[in-house]
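# Understanding the architecture of this molecule
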Amino acid sequence: LHPGSDEDIEPDFLVSGSLRILDKDSSSVVGWAQCPGDRPQSQQLLETQLSYETEWDMVNAVSFRKRRSSNAEGDHEKSRWAFSFSVSDLRSITVREEGWTFLILQLKDASTPLPHLHFHQGGSRTFLDSLRRFALLTEAPGDNTCLLVSTPNKALSQSFENLLDDNNFGLIHKFKRDPYVTTLGGFSKVTNYLFDALRGTEEQQQRPPEEVADLLGEIIPGLEINQQEEPGFEVITRIDLGVRPEVSRKAPLSADDWARHQDPDGRMKDVQDLKHAIFKGGLYHAVRKEAWKFLLGYFPWESTHEERKTLQREKIDEYFRMKLQWKSVSEEQERRNSRLRDYRSLIEKDVNRTDRTNRFYEGIDNPGLVLLHDILMTYCMYDFDLGYVQGMSDLLSPILYVMENEVDAFWCFVAFMDQMHTNFEEQMQGMKTQLIQLSTLLRLLDLAFWNYLESQDSGYLYFCFRWLLIRFKRELSFVDVLRLWEVMWTGLPCENFHLLVCCAILDSEKQKIMEENYGFNEILKHINELSMKLDIEEILQKAEGICLQIRSCKDLPRSVAVILGFDDESRRSDSTDCGSAAAPGAARRGDAVSNGHLRESSSEQSCGVAFIS
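Numbering of residues starts from 1 in every chain and runs along the sequence as written. Where totals are concerned, whole chains, interfaces and linings use all residues; where local detail is concerned, this predicted model gives features only for residues with pLDDT of at least 70, and gives and counts side-chain atom pairs only at 80 or more. Note that water and hydrogens are dropped before the side-chain values are worked out from all heavy atoms of the structure.

Taking an unreviewed UniProt entry as the reference, the protein chain is identified by name as TBC1 domain family member 15 belonging to Amphilophus citrinellus. In its Subcellular location (unreviewed entry) section, the UniProt entry covering the protein chain states "Cytoplasm". UniProt positions are given in the numbering used here, feature names are shortened, and annotations may be inferred rather than shown by experiment. Of the protein chain, the UniProt comment under Function (unreviewed entry) reads exactly: "Acts as a GTPase activating protein for RAB7A. Does not act on RAB4, RAB5 or RAB6."

Laid out in structure tokens, this is it:
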């Protein structure tokens, strides 16, 4: 410290001390204390103090203990300079250079100033790297010397913002030794944030697997990775899946084909055959406006024309009652409602940059943007606990484009969000579950490739994060997104078919990744550059082939059967072919949770997964 601002202190006087980050339960505390034996001397000068080495270390403490000292004067002197604060109370860190590096820490409570921390012998960068394990540090707009500090909940929101903002090239963390990672744009930002906590300091090239698993568990609470084979848990080893069947795609379902599946009263008949036809070829665009309402569960398949008209009238009334709730809030009321104010701010920001190259949303004062905004605001009234999270506008945009009707688009969006809800919850249970499931499937399909990714610190597959979060919305052209979503909404040929879509993409890219010996950064770069270059029909064809290949395996691990829903099929006496899975509209929020906890207590047959290298 340089406490020269005090009137009774020499201008060049320094106090040497230790800076520590202490992790106690769920809170993290930064503390500075004077080095033992370094009592301040009133006449010490800068030249003498430069010989002291200012240091920092990180301590994982079970509890805080007060240091005892028989020297009352020494205790007084130490307490005079010592300070501590919670990481969650830290607003920003400014990094300055004056022949050495010093840090200016600013708390959220501006009335409590902290002394500047001077690192005459180095260590500032190492301290910041360690702090990133407890908080998210991002550069302040327009000031690359200032790092804004976000603690876990805010860090998650910021990660979403950076992930989904195509125009935002702010950095979660500059990898000084890996400059390319900092240029990957929005796609890699969440991956960088998570991986940063796993890779350790610059001197520590690779952490032991068990330490990586522990750290990952700290970042994503509830994510458990078993590093050792345990009794009662299923260990996936190399399994011969046999030859992958050749499959073909068909032409999209036409309006005439759709009409043939309706009886005179409007009820849909031969629904399973109809779903199968949609799965194999998708829909012509003219059919989508009506068909999507059935696929998403807004219209019951067995409903008549008259029943659907009655339902729509009820839904129109219900929608506008909810819309009136936020429309009638006065400015003065909104000033006292921070959550609604934050939701509105996020929505307005996202709407103005959602699919603006699409003719339906392009231009200034586009009515499509108004509808997008109003539907998202009304959804906040429908599900105020979740409200609005960045990325949800990406899910609504194609639905509104197809429906061209505010009310129908809203209720179809509600049905889609019932499937996607856990992706956007604060604990991100849906994302945790899907990443575990995807890793399980990929290991079964290609153990060598999975091991290669693991050796490159990519075994947790965080480069697939955006694929799963918004269902490939940013990876495919707008038209291909429509095709992919309607195929997935059939619920065929298995549960969690989107995970097999991920496997199909990775299967096509694995040869290049392995032959070119891509490392962590190169894998991120390569996956990012696949955006808008994927052939959706080829991917769907390969994903279906993978499904049939896995289904035909006689010794299929039960954990895989549970993920894909084959476990339920085997229990049904009337189980048929690939077209027997249930539609996605029912109880999808619970699916991710039930399928995700692979490490539950199990019988001798076991349903857990032990990730064994």
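From this point on, the discussion continues.
For two strands to pair, DSSP has to find at least two bridges joining them. In DSSP terms, a helix is any run of H or I states spanning at least four residues, a strand is any run of E spanning at least two, and both are numbered starting from the N terminus. Here strand β5 (residues 90-97) runs beside strand β6 (residues 101-107); their pairing, made up of 7 bridges, is antiparallel. Bridge pairing in β6 links Ile93 to Leu105. Counted along the chain from β5 to the antiparallel partner β6, the turn is 3 residues long, and its residue Gly99 has a positive phi close to 85 degrees. In the sheet, β5 pairs with strand β9 (residues 143-150) via 3 bridges, with the strands oriented antiparallel. When the bridges of β9 are listed, Ile93 appears paired with Leu147.

Glancing now at the nonpolar core. One finds Trp258, Phe424, Phe497, Leu500 and Ile550 to be the most contacted residues of the largest nonpolar core, which totals 122 residues. Here this core takes 12 residues from helix α15 (residues 406-424), the largest share from any one element. Composition of this core by domain shows at least three residues from each of domain 2 (213-283 + 427-571) and domain 3 (285-423). Residue contacts for Phe424: discarding those within four places in its chain leaves Leu386, Val389, Gln390, Gly391, Met392, Leu395, Met417, Leu469 and Ile470. Listed in part, the 26 residues of the second largest apolar core include Leu103, Leu105, Leu117 and Phe134. Nonpolar core, defined: a set of buried Ala, Val, Leu, Ile, Met, Phe, Trp, Tyr and Cys residues in which side-chain atoms within 4.5 Å join the residues together. To sort residues, take the accessible area from a 1.4 Å probe on protein chains only and compare it with the maximum for the residue type: under 20% means buried, over 50% means exposed, and anything in between is partly exposed. In this document the domain limits rely on a domain assignment from an automatic tool or a database. By the convention used here, residues are in contact when the closest approach between their heavy atoms is within 4.5 Å.

This part covers unusual backbone geometry. Look at the link from Leu492 to Pro493: it is a cis peptide, with omega at -5 degrees. Position of Pro493 relative to the elements: it lies in the loop between α19 (478-488) and α20 (497-515). Positive phi values are uncommon outside glycine, yet Glu404 reaches one of about 55 degrees. By secondary structure assignment, the location of Glu404 is in the loop between α14 (392-403) and α15. Of note, Met428 is a non-glycine position whose phi angle comes to about 55 degrees, a positive value. Given the relative accessible area of 11%, Met428 is considered buried.

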